[in-house]
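Survey of secondary and tertiary structure
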Amino acid sequence: MRRRTLLGLAGLAAIVGATVAAKRRPADRPKQRVFTLQTVDGKPFGSADLAGKPYLAFFGFTHCPDVCPTALFELSGLLKDIGPAADRITPLFISIDPERDTAQLLKLYMTSFDPRIIALRGDAAQTKVAAEAFSAFYRKVATESGSYTMEHTAGLFLIRADGRLQGMLDMHEPRAAQLQKLKRLAAS
């Protein structure tokens with residue numbers, strides 16, 4: 001009886017181990033970041049539009065008091081500073097606040113930043129899928145005024161042309177490090 005139990009447990013462990021191994025992504029294949037959102041003009045835009053291109057993704061919202069506008073303003077300056085190499089990068093601003101970030105509001109908001117930055121939005125489900133594709137965090141937090149704000153990942157995801165994550169761009173890094181990361185991304 002004990003031997004059968006041990007053999008049964010060993011067999012179960014082998015099945016579980018094989019299942020887990022089968023679900024793992026091979027190290028030589030990049031994570032699949034599959035999503036579809038809409039531009040401020042209502043056109044579908046997603047991962048298929050980025051295939052073979054280096055890009056960066058920043059998750060934020062228009063009602064953000066400081067982090068989002070500062071990051072977008074600084075990104076605009078970085079894109080300008082790396083010159084023509086910036087044209088090889090597709091920068092994305094992905095709204096995490098579908099409730100308030102209408103296409104019209106996003107379009108107006110983005111006029112303050114580099115015109116190469118593509119603003120994207122979706123419904124709640126599409127937004128969740130996009131954030132999960134990058135392992136980005138966001139959540140709605142009630143404020144004392146009866147409104148809400150959004151907590152979210154503040155870094156920019158740098159995705160190489162081969163689909164691999166190059167790393168994160170942190171707006172607290174020295175500017176020289178930020179420029180180097182963007183130049184390396186453009187060359188990928």
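Everything below is about the structure printed above this text.
To start, this report covers the structure provided alongside it.

Definitions and cut-offs
Residues numbered from 1 in each chain as written. Predicted model: local features only at pLDDT ≥ 70, side-chain atom pairs only at ≥ 80, totals over all residues. Heavy atoms only, no water. Phe/Tyr/Trp six-rings, centres within 6.5 Å; stacked < 30°, edge-to-face > 60°. Helix = DSSP H or I, 4+ residues; strand = E, 2+ residues; numbered from the N terminus. Buried < 20%, exposed > 50% of the residue type's maximum accessible area, 1.4 Å probe, protein only.

Quick notes on the packing of aromatic side chains
Under the criterion given, the structure shown has eight aromatic pairs. Consider the rings of Tyr55 and Phe134, whose centres lie 6.3 Å apart with planes at 90 degrees: the pair is edge-to-face. Taken together, the residues span a long stretch of sequence, with Tyr55 in strand S3 (residues 55-60) and Phe134 in helix H4 (residues 124-134) at a distance of 79 residues. In this structure Tyr55 comes out as buried when scored by relative accessible area, which is 6%. Looking at Phe134, the relative accessible area reads 4%, which means it is buried. Their ring planes at 65 degrees and their centres at 5.5 Å tell us that Phe59 and Phe134 sit as a pair that is edge-to-face.

Brief notes about unusual backbone geometry
Despite not being glycine, Ser135 shows a phi value in the positive range, around 60 degrees. The exposure class assigned to Ser135 is exposed, which follows from its relative accessible area of 55%.

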